[in-house]
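Architecture and fold: a report
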Amino acid sequence: MMNLNIKDKVAIITGSAQGLGKAIAKTFVDEGALVVLSDINEQAGQNALKEICPDNQKGLFVRTDVSSEHDIDNLLKAAVDKFKKIDILVNNAGICPRTAFENVTADEWDKVLAVNLRSVFLLSQKVFKYMKQNPGGKIINLASGAGKVGGVQVGAHYSASKAGVICLTKTIALQGAKYGITSNAVCPGVIGTEMTTSIPKEQLEKYNQMIPLGRLGTPQDVADMVVFLASQRADYITGEISDVNGGFIMD
């Protein structure tokens, strides 16, 4: 077994009440990390914390609307108040309306960009001051293959936001390097989560046929990559955009 050396590291995971975020948080706990879960859904978030981290000494849930700068400040303060440091930030929170291009309103565009991109900028910027105190900080952002090639089953605003996350990840890597902070992104393919339930069954079957490895991804597939990038085993990796898609996109 590869020792990831993340025992007692403090990891914040946004959007961690369900789906990818919950799987990522659980994998951190399994590897011995201390976790701060955050989500806009308080009840689901509290339930997730109880499920994956019954020992409240090793975990915390903070109700957070990542489109609110006030909530972001409160999340970081709560994490430091409890654990005294922040070692890892996983920007996972996101929304994915499937509105047709011609029907996207300016308000809906702004909401998607606020949740999916602006929050990544604000959280990453604000966490710098904590990570600079303990060299070796890790920032991992959840992007998407749609941010590379556009999207058919997702909205234009979602694709644009994830393209922004990819470029922002590289910029953070450049800015963080002198402080020993790495920044990487993970681009999941079609993953079996709550977000894919709105995709018609026939379309999912087509995806299965198009994916070289012959199946949809699982939340654990993504979680394993995220936790690896957050570990000391990835200390020399920064500015990297990693696909987890079964070969659906190869670049």
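Residues numbered from 1 in each chain as written. Predicted model: local features only at pLDDT ≥ 70, side-chain atom pairs only at ≥ 80, totals over all residues. Heavy atoms only, no water.

Things to note about the overall build of the chain
For the chain, the helix and strand inventory stands at 8 helices and 7 strands. Taking the principal axes of its C-alpha atoms as reference, the chain extends roughly 50 × 45 × 40 Å. Looking at the chain residue by residue over its 251 residues, the buried ones come to 51%. Here the analysis covers contacts within the chain between residues at least 6 apart in sequence; of these, 73% occur between residues at least 24 apart. For the chain, the exposed area adds up to about 11,900 Å²; of that, 53% sits on carbon and sulfur atoms. Both charge centroids of the chain, one from 26 positive and one from 26 negative side chains, sit 6 Å from each other. (Helix = DSSP H or I, 4+ residues; strand = E, 2+ residues; numbered from the N terminus. Buried < 20%, exposed > 50% of the residue type's maximum accessible area, 1.4 Å probe, protein only. Contact = heavy atoms within 4.5 Å. Areas by Shrake-Rupley, 256 points an atom, 1.4 Å probe, with all protein chains shown as cover. Lys, Arg positive; Asp, Glu negative; His and termini not counted. Charge placed at Lys NZ, Arg CZ, Asp CG, Glu CD.)

Side note on helix α1 (residues 19-30)
A rise of 1.5 Å per residue sets the reference length of α1, with its 12 residues, at 16 Å; its end C-alpha atoms lie 17 Å apart and thus fit the reference within 8%. Once α1 finishes, Gly32 follows within two positions and takes phi at roughly 95°, a positive value. (Expected span 1.5 Å × (residues − 1).)

Describing the sheet that holds strand β3 (residues 59-63)
An order of β3-β2-β1-β4-β5-β6-β7 is seen for the 7 strands of this open sheet, with the pairing classed as parallel. The open sheet has two edge strands with one neighbour each: β3 and β7 (241-244). Adjacent strand axes in the sheet meet at a mean angle of 20° when their direction is disregarded. Where helix α3 (residues 69-83) meets the sheet, it contacts β1 (10-14), β2 (34-39) and β3, and its direction lies at approximately 160° from that of β3. Running at roughly 170° to strand β6 (residues 182-188), helix α8 (residues 219-229) makes contact with β4 (88-91), β5 (138-142), β6 and β7 of the sheet. (Pairing = 2+ DSSP bridges. Axes fitted to C-alpha atoms, helices over the stretch in contact; angles between N-to-C directions.)

Points about the pairing of β2
The element β2 is largely enclosed, with a buried count of 6 among its 6 residues. Here β2 shows no split at all, with Leu34, Val36 and Ser38 on one side and Val35, Leu37 and Asp39 on the other all buried. Of the pairings in the sheet, the one linking β1 to β2 comprises 5 bridges and is parallel in character. Across the sheet, the residue bridging to Val10 is Leu34, located in β2.

Side note on the packing of helix α4 (residues 106-131) against helix α6 (residues 156-176)
Interaxial distance between α4 and α6 falls to 9 Å at its minimum, and their mutual angle equals 15°. Classified by the angle between their axes, α4 and α6 sit roughly parallel to one another. Where α4 crosses over α6, the handedness of that crossing is right-handed. Where α4 abuts α6, its residues Glu108, Trp109, Val112, Leu113, Asn116, Leu117, Val120, Phe121, Ser124 and Phe128 lie against Ala156, His157, Tyr158, Ala160, Ser161, Lys162, Gly164, Val165, Leu168, Ile172, Gln175 and Gly176. In terms of residue class, the contact of α4 with α6 is made up of 13 nonpolar, 7 polar and 2 charged. (Parallel < 35°, antiparallel > 145°, perpendicular 65-115°, else oblique. Left-handed = near helix turned anticlockwise from the far one by under 90°. Nonpolar A, V, L, I, M, F, W, Y, C, P; charged D, E, K, R; others polar.)

Comments concerning the pattern of salt bridges
The final tally for this structure, using the stated rule, is 12 salt bridges. The closest approach of N and O atoms between Glu51 and Lys22, which form a salt bridge, is 2.7 Å. Of this pair, Glu51 sits in helix α2 (residues 42-52) while Lys22 sits in helix α1, and the two are 29 residues apart along the sequence. With a relative accessible area of 22%, Lys22 lands in the partly exposed category. Taken together, the salt bridges that share partners define one network made up of Glu69, Asp73 and Lys126. (Salt bridge = Lys/Arg side-chain N within 4 Å of Asp/Glu carboxyl O.)

Observations regarding the environment of Asp235
Here Asp235 lies in the loop between α8 and β7. Residues Asp235 and Gly180 lie 55 residues apart in sequence; the distance between their C-alpha atoms is 8.9 Å. A distance of 2.5 Å separates the side chain of Asp235 from the side chain of Lys138, its partner in a polar contact. (Polar contact = N/O pair within 3.5 Å; in protein donor to acceptor, adjacent residues only side chain to side chain.)

Looking at the packing of aromatic side chains
Summed over all chains, the structure comprises 1 aromatic pair. Seen in terms of ring centroids, Phe128 and Tyr179 are 6.1 Å apart; in terms of plane orientation they differ by 80°. Their pairing is edge-to-face. In this pair, Phe128 is assigned in helix α4 and Tyr179 in the loop between α6 and β6, connecting sequence segments 51 residues apart. If you follow Lys132 out to its NZ or CZ, it ends over the ring of Tyr179, 4.5 Å from the centre. (Phe/Tyr/Trp six-rings, centres within 6.5 Å; stacked < 30°, edge-to-face > 60°. Lys NZ or Arg CZ within 6 Å of the ring centre and 35° of its normal.)

Keep in mind these values describe shape, not function.
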